[in-house]
Amino acid sequence: MHFPAGSAARLADDYLGEFACALEARLVCHGRRPRSNAERVELTFAPAAVPASELALLASAPASELALLGAQRARLWIPAAELRALASRSPTARGLASALDAALWAPGAPAVMGIVNVTPDSFSDGGQQLDPARAIAHGRELLAQGADWLDVGGESTRPGAQAVAAEVECERVVPVVAALAAAGAGVSIDTTKARVARAALEQGAQVVNDVSAGRFDPELLALVAERGAGLILMHMQGTPQDMQRAPHYADVVDEVARHLRARARAAWLAGISPARIALDPGFGFGKDLEHNLALMRALPELRSLGFPLCLGVSRKSFLGRLSGEREPARRGSETLAMLVLGAELGAELHRVHEVAPARAALSVVQALVDRGAG
Ligand code: PMM
């Protein structure tokens, strides 16, 4: 992707989610968010925009590499950790490091979020990982399969599930978040409670995935803003206790879009950078089969709200309604079908139980997109 010269300010607005930055209107660069501190960031920029001494400093960092691609274009590969380490010595490195930290999602590069449910009652894997050691081992396994994120949750949101006290939720998730973050995973905490989110962020989580979009706990958005974390805002009609009783909409797509826009605005007013927000239509959360299908078809419209979309369809019951498969753990094919369609329709963050097949399916989609782009 190329950014037109002189459009630095617009660029920051238009490509909020991308790791793109404009430093003091002199350096415009773009790249992909690395998956870990050790991975190299790839930056493309105009070499004349960076003072020669700083360019030499960046290029001399361990494992970094500079390629001059002509008078107008240079490419630098540098480990994210080295970029941060140089921040005190180079204004360019400082600006790049903060732009990198501000952009949690990278549109155009589908990300896979592996589910680690530390609950006795989640609909498809409840009880399997209630023991922290098993949850940690499961998270490590998903990481090895190529997960970009691990979404750790300690309260089931299945229809009719009973709410869990914050202390219980903390007891379940904190050791798991701590161990997985220490293992280098990007961790997201699936909670509606500020207290649980705070405890998880303190243990190294970077993202809060709130299925209530900040409605259940008035302190949650301010916490995310204060901690500079990422945020997934999901649509739900009602609460997990009553959401599937008789979901009703005059126009499901319009209502979900309005709701998500309003919640993104509330998050922004609370001080959260738009670059750190992703939206989620909330499949199965107060929706019947037709509502879910309408939302699936409307993903491009929802994507046009300007935020990356998170897609949580993995093993959900509406897929079973379509295929006739009653057992959630056997809905792998249905999940992949929706995931591929979702990727094609604009979803970028895929929340799944099985990471390896999701990665494989997305690599096929991505190859078609990349090669089509020439
Ligand atoms: N679904 C569940 C839980 N958390 N979070 C987001 N953002 N989107 C979802 O669709 C979603 C979620 C319920 O599914 P699970 O019990 O398999 O975790």
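Here is a short report on the structure shown in this document. The model shown is predicted, which means the values in this text are computed figures rather than measured ones.

Here we take up the site of the ligand. Contacts to the ligand come from 16 residues, most closely from D190, N209, D280, K316 and R351. Summarising the interface, the protein chains cover 98% of the accessible area of the ligand, which totals 410 Å² for the free molecule. At a threshold of 2 Å from the grid points, most atoms of the ligand map onto the second largest pocket. Looking at the shell around the ligand, the elements with two or more residues in it are strand 6 (111–117) and strand 10 (230–234). Across the shell around the ligand, the residue classes break down as six nonpolar, six polar and four charged.

Attention now goes to the layout of surface pockets. If a probe as big as a water molecule is rolled over the atoms, it shows which places are left empty. Counted as a void, the second largest pocket has a volume near 630 Å³. Along its surface, the second largest pocket is lined by 41 residues, and F123, P159, F283, F285 and K316 are the ones closest to its centre. Mapped onto the lining of the second largest pocket, the elements with two or more residues apiece are strand 6, helix 10 (289–297) and helix 12 (317–323). Broken down by element, the residue count for the lining of the second largest pocket peaks at three residues, all from helix 12.

Before going further, it helps to examine the nonpolar core. If you look at the biggest cluster of nonpolar residues, it comprises 72 residues, and the most contacted ones within it are V152, L231, L233 and L279. Beyond its immediate chain neighbours, meaning those up to four positions away, L279 contacts L233, L260, A264, L305, F307, P308, L309 and C310. Membership of the second largest hydrophobic core comes to 17 residues, among which are V41, L57, L76 and L86.

A word on unusual backbone geometry. The backbone of A63 shows a phi angle near 65 degrees, a positive value even though the residue is not glycine. Secondary-structure assignment places A63 in the loop between helix 2 (52–59) and strand 4 (65–68).

Taking burial as the measure, the seven residues of strand 6 include seven buried ones, the bulk of the element. Here four bridges tie strand 6 to strand 13 (residues 347–352), and the two strands are oriented parallel to one another. Along strand 13, the bridge assignment pairs V112 with H350. Relative to strand 7 (residues 149–153), strand 6 runs parallel, the two sharing five bridges. Across the sheet, the residue bridging to N117 is G153, located in strand 7. Crossover strand 6 to strand 7 through helix 5 (residues 132–144) is right-handed.

Under the definition given, this model contains one aromatic pair. Relative to F318, the ring of F283 has its centre 5.9 Å away and its plane inclined at 20 degrees; by these criteria the two rings are stacked. Residue F283 is found in the loop between strand 11 (277–280) and helix 10, and its partner F318 is found in helix 12; the two are separated by 35 residues along the sequence. Under the relative-accessibility criterion, F283 is labelled buried at 0%.

As enumerated under the stated definition, the model contains two cavities of 30 Å³ or more in all. Its volume calculated, the largest cavity comes out at about 60 Å³. Along the walls of the largest cavity sit S314, R315, R331, G332, T335, L336, V352, H353, E354, P357 and A358, which together make up its complete lining. If you list the elements that add at least two residues to the lining of the largest cavity, you get helix 13 (332–345) and helix 14 (355–372). Tallied by class, residues from the lining of the largest cavity come to four nonpolar, four polar and three charged. In this model, the second largest cavity occupies a volume close to 40 Å³. Around the second largest cavity sit E155, T157, E169, D190, T191, T192 and V211, which together line it. Of the residues contributing to the lining of the second largest cavity, the split by class is one nonpolar, three polar and three charged.

A word on the side chain of D210. Within the fold, D210 resides in strand 9 (residues 207–210). An unpaired buried charge is present at D210: no salt bridge exists, and R263, the closest side chain of opposite charge, is 7.0 Å distant. Within the structure, the side chain of D210 is placed 2.7 Å from the backbone nitrogen of G214, a separation counted as a polar contact. If sequence neighbours within four positions are ignored, D210 has contacts with T191, T192, L220, I232, L233 and M234.

On inspection of all chains with the given rule, the structure shows ten salt bridges. The shortest N-O distance in the salt bridge between K193 and E155 comes to 3.2 Å. Note that K193 is positioned in the loop between strand 8 (186–190) and helix 7 (194–202) and E155 in the loop between strand 7 and helix 6 (166–182), a separation of 38 residues in sequence. Assessed through its relative accessible area of 16%, K193 is described here as buried. The partner of R195 in a salt bridge is E167, with the nearest N and O atoms 3.2 Å apart. With R195 in helix 7 and E167 in helix 6, this residue pair connects regions lying 28 residues apart in the sequence. A relative accessible area of 47% places R195 in the partly exposed class. For E167, a relative accessible area of 42% corresponds to the partly exposed category. Three or more residues joined by partner-sharing salt bridges are found here, namely D151, D190 and R351.

Parameters at a glance
- Residues numbered from 1 in each chain as written.
- Predicted model: local features only at pLDDT ≥ 70, side-chain atom pairs only at ≥ 80, totals over all residues.
- Heavy atoms only, no water.
- Near = heavy atom within 4 Å.
- Areas by Shrake-Rupley, 256 points an atom, 1.4 Å probe, with all protein chains shown as cover.
- 1 Å grid on protein atoms, 1.4 Å probe; cavity = no way out; pocket = protein on both sides within 12 Å on 5 of 7 lines; lining within 4 Å.
- Sits in = over half its atoms within 2 Å of the grid points.
- Helix = DSSP H or I, 4+ residues; strand = E, 2+ residues; numbered from the N terminus.
- Nonpolar A, V, L, I, M, F, W, Y, C, P; charged D, E, K, R; others polar.
- Points joined across faces, edges and corners; volume = space filled by probe spheres on them.
- Core = buried A, V, L, I, M, F, W, Y, C linked by side-chain atoms within 4.5 Å.
- Buried < 20%, exposed > 50% of the residue type's maximum accessible area, 1.4 Å probe, protein only.
- Contact = heavy atoms within 4.5 Å.
- Pairing = 2+ DSSP bridges.
- Right-handed = clockwise from strand over helix to strand, strands pointing away.
- Phe/Tyr/Trp six-rings, centres within 6.5 Å; stacked < 30°, edge-to-face > 60°.
- Lys, Arg positive; Asp, Glu negative; His and termini not counted.
- Salt bridge = Lys/Arg side-chain N within 4 Å of Asp/Glu carboxyl O.
- Polar contact = N/O pair within 3.5 Å; in protein donor to acceptor, adjacent residues only side chain to side chain.

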